[in-house]
Each structure stands twice: as structure tokens, then as C-alpha cells.
Amino acid sequence: MATSKFEAVAQAKCPKCRRGKIFLGPVYSFKGQKMNEHCPNCGMKYEVEPGYFYAAMYVSYALNVAEIVTTAMLTYYLSGGSENPMLYIGTIFTVIFLLAPFNYRYSRVILLHWLSPKVKYNSEYDK
Ligand SMILES: [Zn+2]
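Values in this document were obtained by computation on a predicted structure and should not be read as measured data. For every chain, the first residue of its written sequence is number 1, and the numbers climb from 1 along that sequence. Local features in this predicted model are restricted to residues of pLDDT 70 or higher, and side-chain atom pairs are both shown and tallied only at a pLDDT of 80 or more, whereas totals for entire chains, interfaces and linings draw on every residue. Note that water and hydrogens are dropped before the side-chain values are worked out from all heavy atoms of the structure.

A. The arrangement of the coordination of the zinc ion in detail. Metal donors were taken as nitrogen, oxygen and sulfur atoms no farther than 2.8 Å from the ion, or 3.2 Å where the ion is Na, K or Ca. Water is excluded, so coordination may look unfinished. Only C14 (SG), C17 (SG), C39 (SG) and C42 (SG) from the protein reach the zinc ion as donors, at distances of 2.2 to 2.3 Å. Every geometry call rests on angle ranges, with four donors termed tetrahedral when all angles are between 85 and 135 degrees, four termed square planar and six termed octahedral when opposite donors are over 155 degrees apart and all others are between 65 and 115, and everything else termed irregular. Taken together, the 4 donor atoms surrounding the zinc ion define angles of 107 to 115 degrees at the centre, an arrangement classified as tetrahedral. Going along the chain, you hit the donors of the zinc ion in the pattern C-x2-C-x21-C-x2-C. Residue C39 is classed as buried on the basis of its relative accessible area of 5%. Type-normalised accessible area, obtained with a 1.4 Å probe on protein chains alone, sets the label of each residue: buried when under 20%, exposed when over 50%, and partly exposed for intermediate values. Residue classification places C42 among the buried residues on the basis of a relative accessible area of 15%.

B. Focus on the environment of V48. Put simply, DSSP marks the helices as runs of H or I at least four residues long and the strands as runs of E at least two long, and each gets a number from the N terminus on. Of note, V48 is situated in the loop between β2 (34-35) and α2 (56-78). Accessibility expressed as a relative area gives 35% for V48, which makes it partly exposed. A sequence separation of 71 residues divides V48 from V119, and the C-alpha atoms of the two residues are 8.3 Å apart.

C. Quick look at the nonpolar core. Here, nonpolar core refers to any group of buried Ala, Val, Leu, Ile, Met, Phe, Trp, Tyr and Cys residues whose side-chain atoms link them within 4.5 Å. Judged by nonpolar contacts, the single largest core of 21 residues is most densely connected at C14, C39, M44, Y46, V109 and L112. Put simply, the parts of the chain that give this core at least two residues each are α2 and α3 (85-114). The dominant element in this core, judged by the number of residues it contributes, is α3, at 5 residues.

D. Seen up close, the packing of aromatic side chains. Any two rings among Phe, Tyr and Trp, with Trp reduced to its six-membered ring, count as a pair given centres within 6.5 Å; such a pair is stacked if its planes are under 30 degrees apart, edge-to-face if over 60, and tilted if neither. Tallying each qualifying case throughout the model produces 4 aromatic pairs. On the numbers, 5.4 Å between centres and 85 degrees between planes, the contact of Y76 with Y77 is edge-to-face. Under the relative-accessibility criterion, Y76 is labelled partly exposed at 42%. Looking at Y77, the relative accessible area reads 59%, which means it is exposed. Taking 4.7 Å as the distance between ring centres and 35 degrees as the angle between the ring planes, the aromatic pair formed by F102 and Y106 counts as tilted. Taken as a pair, F102 and Y106 lie in helix α3 at a separation of 4 residues, close to a single helical turn. What makes F102 partly exposed here is its relative accessible area of 31%. In this scheme, the term charge over a ring applies when either NZ of a lysine or CZ of an arginine sits within 6 Å of the ring centre and within 35 degrees of the ring normal. Over the aromatic face of Y121 sits the side chain of R18, whose NZ or CZ is 3.6 Å from the ring centroid. Its end group placed over the ring of F53, R108 keeps NZ or CZ at 4.6 Å from the ring centre.

E. Spotlight on the packing of α2 against α3. Axis geometry follows a simple rule: fit a line to the C-alpha atoms, using only the stretch in contact for helices, then measure angles between N-to-C directions, giving values from 0 to 180 degrees. One can describe the packing of α2 onto α3 by two numbers: an axis separation of 8 Å at closest approach and a directional angle of 145 degrees. As α2 packs across α3, the resulting crossing turns out to be right-handed. We call Asp, Glu, Lys and Arg charged. Ala, Val, Leu, Ile, Met, Phe, Trp, Tyr, Cys and Pro are nonpolar, and the rest, Gly among them, are polar. For the contact of α2 with α3, the per-class residue count stands at 16 nonpolar, 7 polar and 2 charged. In a left-handed crossing the near helix is turned counterclockwise from the far helix by less than a right angle, and in a right-handed crossing that turn is clockwise.

This is the structure we're talking about:
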């Protein structure tokens, strides 16, 4: 059965076969996150070219901006329109700190799945 793209992204699976795990271990761990160099299922090299994952910084930046704007708006509504800047700074820093491992992982997953035209899904490997 073919794996959907959404499922593969949500579970951080290989963009080519949608089966192999990109990362070893869970998102949240004190050991940090390690990536497989190659897909354990189809053998695809995740670092497509040297320095490939630098581009994930831009994705991470976009994720952070979206999270900051969402947090600021939620803080505004949930506090009844507070004008205390420390409240916003505190909530935003807390949320960004807690989501950092998530951003690290999903910026790379999004880069591999949606922003790399050379990386293609191949249903032959999705078995
Ligand atoms: Zn694979």
C-alpha cells in the first residue's frame, strides 16, 4: 500500500520511499537528534549535496516566524489584550524554546519533501 505524502512528512520518513526513517530516535530527547546518513530502506543519501541542510535554516526561520506570530496573537486574546511587553517576550521565548527540536526536525523534512525538486517519490521503493 502506498504511503501518503502527508503521512511520510508527519512521521519524518524518507522522501523517496516514504518508509525509511530520516532521524534516529524521538524529537524530544536529551541526547539530541541524529540523522541517518542514508535511508535504511532505499539507501537514498539524505544530504543530497554538500551543505544541503543549510537551506533548512530558511525553512526553520519561516516556521519560527509563524510560531511567533501565532503565539503573540494567542497571548493577546487570552490575556484580554494585554499591553505588557514582558508577557509577550516571556511567552514567545518559552514557546520558541520548547519548539526548537520540532523546528530542527521538520525544517529538514519539509526541505526534503517539498523544496527539493530533484528528490522524487518512487513507488517502487514504497513496499
Ligand atoms: Zn528511502
